Each structure stands twice: as C-alpha cells, then as structure tokens.
Amino acid sequence: MALSLALRVRALELLIATGPAAKTQGVAALAAAWHAGACTLDTAAVLDAGAADVPGRPARPELVPPRLVGRRSMATAEGRAMLVHALAHIEFNAVNLALDAVWRFPGMPPEYYADWLRVAAEEAHHFTLLAGHLQTLGWTYGDFPGHDSLWEMVAKTSGDVLARMALVPRTMEARGLDAIPPLRAKLAQAGDDAAARILDVLLHDEVGHVEIGNRWYFYLCDGRGLEPVATYDRLTAQYKAPVLKGPFNVAARRQAGFTEAELARFAGDALQA
C-alpha cells in the first residue's frame, strides 16, 4: 500500500524545489494523489521552511527590475518569444504562490487547501503549455530575464492570510484578467494562433483562481467582522500594493466574484470587447 502524503508538507517541499520540471510534475502528482484520497491534511500544523530558500528557483532566468525586462515587439519572432517567456515566468511564480498558500497558513478550512492545490496544478499546466510553445519558437525558459513583482507581494503578505488573499489573487492575479485579452489579440494578429489558444486556457482558469481569492477574502472578512471594500483599501495602503490601472475586464472580474460596489469603480475604464 502506498504511503499517504501529508498535503501541506509536500506543498512546502515542492515550493523549495528549484527545477521547473520537477516542480510542475510534482504538483501534478500531488493533485492526483489528493483526488485519489492518498493525502492527509493537518490544517492545524504550523510548518517551518527552516533555512531553505523560499521559493526554490532555477538559476535562470536572471531577475531584473521590471523596466529592464525588455521590449516585446510582435513584429519579430524574438519579440513574440519574449512575451511568451514573460507569461511563462508569471505562471511559474503563480505555481509557487499557490504552493505557499497551501503550506504557510494553518487553521483554514480543508476546502481552502484543496482550492489552492487546484490553483497550483492549473498554474503548473499553464507553465508547461507556455514553456513548450516557447521551445517551438526556438527558445527555452530562462533565455530571457524576468522580474519578481508577483513574488514580492507574496513575501510581503506572508504574515497574514487576509492580506494574502486581498493583495495577491484579488490584486496581482486579477490584473491578468485585464491584460490577457489584448495580449491574445496581439499574438493572434502576429499569426501565433497556438499562443493565442493557450491564452484562452489561461483566461478561463484565471477567472477561477481570482474567484478562489475573492471567496476566501470575503470569508476571512466575515470571520473578523470587517467590511470588505474598506478593508481592501486599508490593506492596499498598508502593504503598498500597486495602484490599479485600466482598462479593466469588468465582465471577467464580475465572473470572478468582485462585488458590484467594487466593479462600479472600474465602470468608467472598462475593457472593450
């Protein structure tokens, strides 16, 4: 009989893993084990990463400030490859942020951990799709530099699950809902239909990921007796989160669980279909 995997312990082990293939394949295997009933879940355990580097990363890509990542002209094959690489890098970081949400925060309901394992598995699939497409263009993950803005907010919010739900899925990842449609259009116009189809998968799944963040954010606000909109504004200021800039994909944000009061802020700068 196979030994049961401790879900949150294994999530930490995968977070520390440095190789993209080992991390993404390990996440897929963990998700399969969870669905097969081969995992245990201790929601109360307080885990410690010890001296390990969190998150584990490969030696490449080089991490640079966002302004130094480089221009991504769709007029050249290299420019399109740079865009696909940037998206792959975001998805690799998204695998890490989901794993971090699983191991780091004790005391949440079992469904919380199942939700974030699902996110990790889907982000791993996204990375695999993008990295594979990048290879068809003649490059591999790590050939271009990347930036670390997404993980920086993960690190800032490591002490409070409420801040994490507010400022990572609802802020950083929700920006993807706005950014993906115009990027898809650019890639399709440039003739890269395969990349455009991958972005269709990303947008569909990212709506669900942001919805998970929204659902647990509202759950935590309710449990702490906090008003969600005012609390979000307070946390945005406290943690110096990025100021939201349009145009906004209001339809996708509504589908992802943003309230009408929140959506009203975006109505004047909505993404045109």
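Look up a bit, the structure's there.
The following refers to the structure shown. Everything quoted here is computed from the prediction, not taken from an experiment.

Criteria and cut-off values
Throughout, a residue's number is its position along its own chain's written sequence, starting from 1. For a predicted model such as this one, the threshold for reporting local features is a pLDDT of at least 70, and the threshold for listing and counting side-chain atom pairs is 80 or more; totals across whole chains, interfaces and linings nevertheless cover every residue. As a rule here, side-chain values cover all heavy atoms of the structure and leave hydrogens and water aside. Angular values range over 0 to 180 degrees, each being the angle between N-to-C directions of two axes fitted as lines to C-alpha atoms, with helices fitted over their stretch in contact. Numbering of helices and strands runs from the N terminus, with a helix taken as a DSSP run of H or I at least four residues long and a strand as a DSSP run of E at least two residues long. Crossing handedness is defined as follows: a turn of the near helix away from the far one that is anticlockwise and smaller than a right angle gives a left-handed crossing, while the clockwise case is right-handed. The contact rule is simple, with two residues in contact once any of their heavy atoms fall within 4.5 Å. Following the grouping adopted for this structure description, the nonpolar residues are Ala, Val, Leu, Ile, Met, Phe, Trp, Tyr, Cys and Pro, the charged ones are Asp, Glu, Lys and Arg, and the polar ones are all others, Gly among them. What we call a nonpolar core is a set of buried Ala, Val, Leu, Ile, Met, Phe, Trp, Tyr and Cys residues that are connected through their side-chain atoms within 4.5 Å. Relative accessibility thresholds used throughout: buried, under 20% of the residue-type maximum; exposed, over 50%; partly exposed, between the two (1.4 Å probe, protein chains only). Residue count minus one, scaled by 1.5 Å, sets the expected span of a helix. Counted charges follow a simple rule, with Lys and Arg positive, Asp and Glu negative, and His plus the chain ends left uncounted. By convention in these notes, a salt bridge is any Lys or Arg side-chain nitrogen within 4 Å of a carboxyl oxygen on Asp or Glu. Any pair of nitrogen or oxygen atoms within 3.5 Å is treated as a polar contact; in protein, a donor-acceptor pairing is required on top of that, and neighbouring residues in sequence qualify only through side-chain atoms on both sides. The angle between axes fitted to the seven-residue stretch ending at a residue and the seven-residue stretch beginning at it gives the bend at that residue.

Observations concerning the packing of helix α1 (residues 7-16) against helix α3 (residues 77-104)
Move 1: At their nearest, the axes of α1 and α3 sit 8 Å apart, and the two run at 145 degrees to each other. In this structure, the crossing between α1 and α3 has a hand that is left-handed. Between α1, through L7, R8, A11, L12, L14 and L15, and α3, the contact on the second element is made entirely by N96, L99, D100, V102, W103 and R104.
Move 2: A per-class count over the contact of α1 with α3 returns eight nonpolar, one polar and three charged.

Remarks on the nonpolar core
Move 1: Counting residues in hydrophobic clusters, the biggest one holds 49 residues, and the most contacted among them are Y112 and W116.
Move 2: Elements represented by at least two residues in this core include exactly α1, α2 (20-35), α3, α4 (110-136), α5 (149-156), α6 (161-189), α7 (193-224) and α8 (228-238).
Move 3: Leave out the neighbours within four places in its chain, and Y112 touches A101, F105, V161, M165 and W216.
Move 4: Counting 21 residues, the second largest nonpolar core, distinct from the first, contains M74, A81, Y141 and L187.

Things to note about the environment of H204
Move 1: Relative to the assigned elements, H204 resides in helix α7.
Move 2: By relative accessible area, H204 is classed as exposed at 63%.
Move 3: Residues H204 and H147, spaced 57 residues apart in sequence, show a C-alpha to C-alpha distance of 24 Å.

Some remarks on α3
The periodicity of an α-helix, 3.6 residues per turn, causes residues three or four places apart in sequence to face the same way.
Move 1: Its 28 residues place the ends of α3 40 Å apart at the C-alpha level, agreeing with the 40 Å of an ideal helix rising 1.5 Å per residue.
Move 2: Of all 28 residues in α3, 24 are buried, a share of seventy percent or more.

Focus: the side chain of D192
Move 1: Tracing the backbone through its elements, the reader meets D192 in the loop between α6 and α7.
Move 2: Comment: no salt bridge for buried D192; closest opposite-charge side chain is R80, at 4.9 Å.
Move 3: Reaching out from D192, the side chain makes a polar contact with the side chain of H133 at a distance of 2.9 Å.
Move 4: For D192, the contacting residues outside a window of four places in its chain are H133, L137 and L187.

Observations concerning α6
Move 1: End to end, α6 covers 41 Å across 29 residues, agreeing with the expected 42 Å (1.5 Å per residue, within 8%).
Move 2: Maximum bend of α6: about 40 degrees, positioned at A179, with proline P181 one to four residues after it.
Move 3: Between the side-chain oxygen of the N-cap and the backbone nitrogen of L162 there are 3.0 Å, and the N-cap of α6 in question is D160.

By themselves, these observations are geometric and do not establish any function.
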